[in-house]
Amino acid sequence: MVRKDEILDLEITGMTHEGMGVGKKDGFAIFVQGAVDGEKVGVKIIKVLKSYAVARIEAFIEKSSHRQEPFCPVYKRCGGCSLQHMTYAKTLAFKRQVVVDNLARIGSLSDVRVHDTLGMAEPINYRNKAQYPVGMGKSGPVAGFFARRSHEIVEAPSCAIQHPLSDKAKDIVLGYIKALNIPVYNETTGHGIIRHVVTKVGFNTGEVMIIIVATKPELPKANKLIYRLKRDIPGLASVILNVNPKPGNVILGDRNITLFGKDTIQDTLGGLAFEISPLSFYQVNPAQTEVLYQKAVDYAHLQGNETVFDLYCGIGTIGLFAASRAKKVIGVEVVPEAVEAAKSNAKHNGIENAEFYAGLAEEVVPELYEKGIKADVVFVDPPRKGCDENLLKTLVDMAPSRIVYVSCNPSTLARDLKFLTGSGFQVEEVQPVDMFPWSEHVECVVRIQREN
Ligand code: SAH
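This text gives an overview of the structure that appears in the document. Just so it is clear, the structure is predicted and the values come from calculations on it, not from any experiment.

**Describing the site of the ligand**
Reasoning step 1: Close contacts around the ligand come from 17 residues, with Q283, Y293, E333, A361 and D381 the closest.
Reasoning step 2: With respect to the ligand, the side chain of Q283 contributes an N or O atom lying 2.9 Å from an oxygen atom.
Reasoning step 3: One of the backbone N or O atoms of Y312 is found 3.0 Å from a nitrogen atom in the ligand.
Reasoning step 4: The protein chains hide 90% of the 570 Å² of surface that the ligand would expose on its own.
Reasoning step 5: Residues of the shell around the ligand, tallied by class, amount to 10 nonpolar, four polar and three charged.

**Section: the side chain of T16**
Reasoning step 1: Positionally, T16 belongs in the loop between β1 (7–15) and β2 (21–25).
Reasoning step 2: Accessibility expressed as a relative area gives 8% for T16, which makes it buried.
Reasoning step 3: For T16, the contacting residues outside a window of four places in its chain are V22, F31 and F94.

**Thoughts on the packing of aromatic side chains**
Reasoning step 1: Evaluation of the coordinates by the stated rule reveals five aromatic pairs.
Reasoning step 2: Here the aromatic rings of Y293 and F321 are separated by 5.1 Å at their centres, their planes lie at 75°, and the arrangement is edge-to-face. One end of the pair, Y293, is in helix α4 (residues 286–300); the other, F321, is in helix α5 (residues 317–322), with 28 residues separating them in the sequence. In this pair, the class of Y293 matches that of F321, namely buried.
Reasoning step 3: Pairwise contacts between aromatic rings join F71, Y88 and W438 into one cluster.
Reasoning step 4: Cation over ring: R195 sits above Y185, and NZ or CZ is 4.1 Å from the ring centre.
Reasoning step 5: Across the ring face of Y299, the terminal group of R447 is positioned such that the distance to the ring centre comes to 6.0 Å.

**Notes on the sheet that holds strand β13 (residues 236–243)**
Reasoning step 1: If you walk across this open sheet you meet the six strands as β8-β7-β11-β12-β13-β14, and the pairing is mixed. Of all the strands in the sheet, the pair left with one neighbour each is β8 (140–143) and β14 (255–261). Each strand axis lies, on average, 20° off the axis of its neighbour in the sheet, ignoring direction.
Reasoning step 2: Of the strands in this sheet, β7 (129–137), β8, β11 (194–201) and β12 (208–214) touch helix α2 (residues 164–179), which is tilted by about 150° from β11.

**What to know about a negative patch on the surface**
Reasoning step 1: On the surface, a cluster of negative charge is contributed by E363, E367, E370 and D388.
Reasoning step 2: Tracing the chain through its elements places E363 in helix α7 (residues 361–370).
Reasoning step 3: Here E363 falls in the partly exposed class, since its relative accessible area comes to 47%.

**Here we look at the packing of α2 against helix α3 (residues 222–232)**
Reasoning step 1: One can describe the packing of α2 onto α3 by two numbers: an axis separation of 10 Å at closest approach and a directional angle of 150°. Overall, the two elements α2 and α3 adopt an arrangement that is roughly antiparallel. In the crossing of α2 with α3, the sense of the turn from one axis to the other is right-handed. In this structure, α2 uses K168, A169, I172, V173, G175, Y176 and A179 to contact α3, whose residues at the interface are L225, R228, L229 and D232.
Reasoning step 2: For the contact of α2 with α3, a count of residues per class yields seven nonpolar, one polar and three charged.

**Looking at unusual backbone geometry**
Reasoning step 1: Of note, Y312 is a non-glycine position whose phi angle comes to about 65°, a positive value.
Reasoning step 2: Positionally, Y312 belongs in the loop between β17 (307–311) and α5.

**With respect to the nonpolar core**
Reasoning step 1: Membership of the largest hydrophobic core comes to 93 residues, with the highest contact counts inside it found for Y176, I194, I210 and I233.
Reasoning step 2: Excluding anything up to four places from it in sequence, I233 contacts L165, K168, A169, I172, V208 and I210.
Reasoning step 3: Within the second largest apolar cluster, 35 residues are counted, among which are A375, I403, L413 and A414.

Cut-offs applied
Residues numbered from 1 in each chain as written. Predicted model: local features only at pLDDT ≥ 70, side-chain atom pairs only at ≥ 80, totals over all residues. Heavy atoms only, no water. Near = heavy atom within 4 Å. Polar contact = N/O pair within 3.5 Å; in protein donor to acceptor, adjacent residues only side chain to side chain. Areas by Shrake-Rupley, 256 points an atom, 1.4 Å probe, with all protein chains shown as cover. Nonpolar A, V, L, I, M, F, W, Y, C, P; charged D, E, K, R; others polar. Helix = DSSP H or I, 4+ residues; strand = E, 2+ residues; numbered from the N terminus. Buried < 20%, exposed > 50% of the residue type's maximum accessible area, 1.4 Å probe, protein only. Contact = heavy atoms within 4.5 Å. Phe/Tyr/Trp six-rings, centres within 6.5 Å; stacked < 30°, edge-to-face > 60°. Lys NZ or Arg CZ within 6 Å of the ring centre and 35° of its normal. Pairing = 2+ DSSP bridges. Axes fitted to C-alpha atoms, helices over the stretch in contact; angles between N-to-C directions. Patch = residues over 30% accessible without salt bridge, like charges linked within 9 Å, V, L, I, M, F, W, Y side chains within 5 Å. Salt bridge = Lys/Arg side-chain N within 4 Å of Asp/Glu carboxyl O. Lys, Arg positive; Asp, Glu negative; His and termini not counted. Charge placed at Lys NZ, Arg CZ, Asp CG, Glu CD. Parallel < 35°, antiparallel > 145°, perpendicular 65-115°, else oblique. Left-handed = near helix turned anticlockwise from the far one by under 90°. Core = buried A, V, L, I, M, F, W, Y, C linked by side-chain atoms within 4.5 Å.

Note that every value here comes from positions in space, so none of it alone points to a role or purpose.
Okay, structure coming up:
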């Protein structure tokens, strides 16, 4: 066992899935933030729990050759990136290993082929969406990012993974708040007005949307803010007031009021145009999204005569990517606004063989199946909690030739693959894609084949 405040030398022999180094003392696991496997470090124990302890690095005894100096000045405090102390190549290898471990441990899939993670040539300024919490700091209003495991706001003059215009918009909103004494939100009391600044940038069109999340349906002296944004943000196409009076961690409320410009902005991906609205999901890394979708469409191996389901379709992107190679595409998505966007995206791109339904995939797909509507190939791209078992059961009954599973969470992916492999499907290959460089998150595309 170890004691709090104990100082010891530790060999780092593994990594947690959040990217912490792991060492062992007499078989007891010690997690060390910022340590890399293969290193020897002097640590101080800061917390002892039942099955593991947490320690802080006090000194390096042997450094890893995969270590690098973090490029962000607030890296240690900010909760955004967690892997900047490793080289980019090492982060890609780490992410692949997370996938391999999850597949083996949760999915009992030890011999599946997991390819090397597809990374970015230049993994900076890649995000098209930023969400800056706004609050009161020690010396006035602040906007930035939440610190790791806390709601303290860390200020960063610029963030290397965001589009530069996102940081600029955040600064302009903060300037307006300070100059005009606009009350910022207090999470504890629920008082105040401005909670978040959210930005969305169409990388390929240059269109910018700025969303001010506030507790009230009117923004004091809004015209002053809009004047500044119009003056300093090239491509400004939309300013939205999103009303969220509810306490809690959900950033956006249901109601959007357009203060300037359009209700939506546009972006293009793979030659198709997409409409982006405040509430609908749109992949945050456009360059890697094309890589991901291309892989997904390759894995679908379409011949042109198939009915294809695009489940958890968001604004229809994957299905519309695949539409020219299929007979018919049916998309299902729970956010009604996203479904409307998917329909208009199909229309604007001249795609006539795609239809979209609003509802839960686990309810809509069984209904379609009951009516005799079946898929030959299915794409699923669920949120972090993975697929509902009811959906998986229906897919097993429907028995499509192929399922292409796009996942942002290797542990629920592994759980769902275990279900499918026990029910007549075989996992052929897994391709991790680095959608979120420098964070611990990893996205995968999986090719799943029906057994004959
Ligand atoms: N395929 C899209 C969206 C993926 S994100 C893209 O690549 O852009 C996951 C989507 O699933 C979100 O749009 C979310 O609103 C939707 N969703 C979450 N739970 C759902 C459910 N049970 N049924 C249908 N859609 C759901």
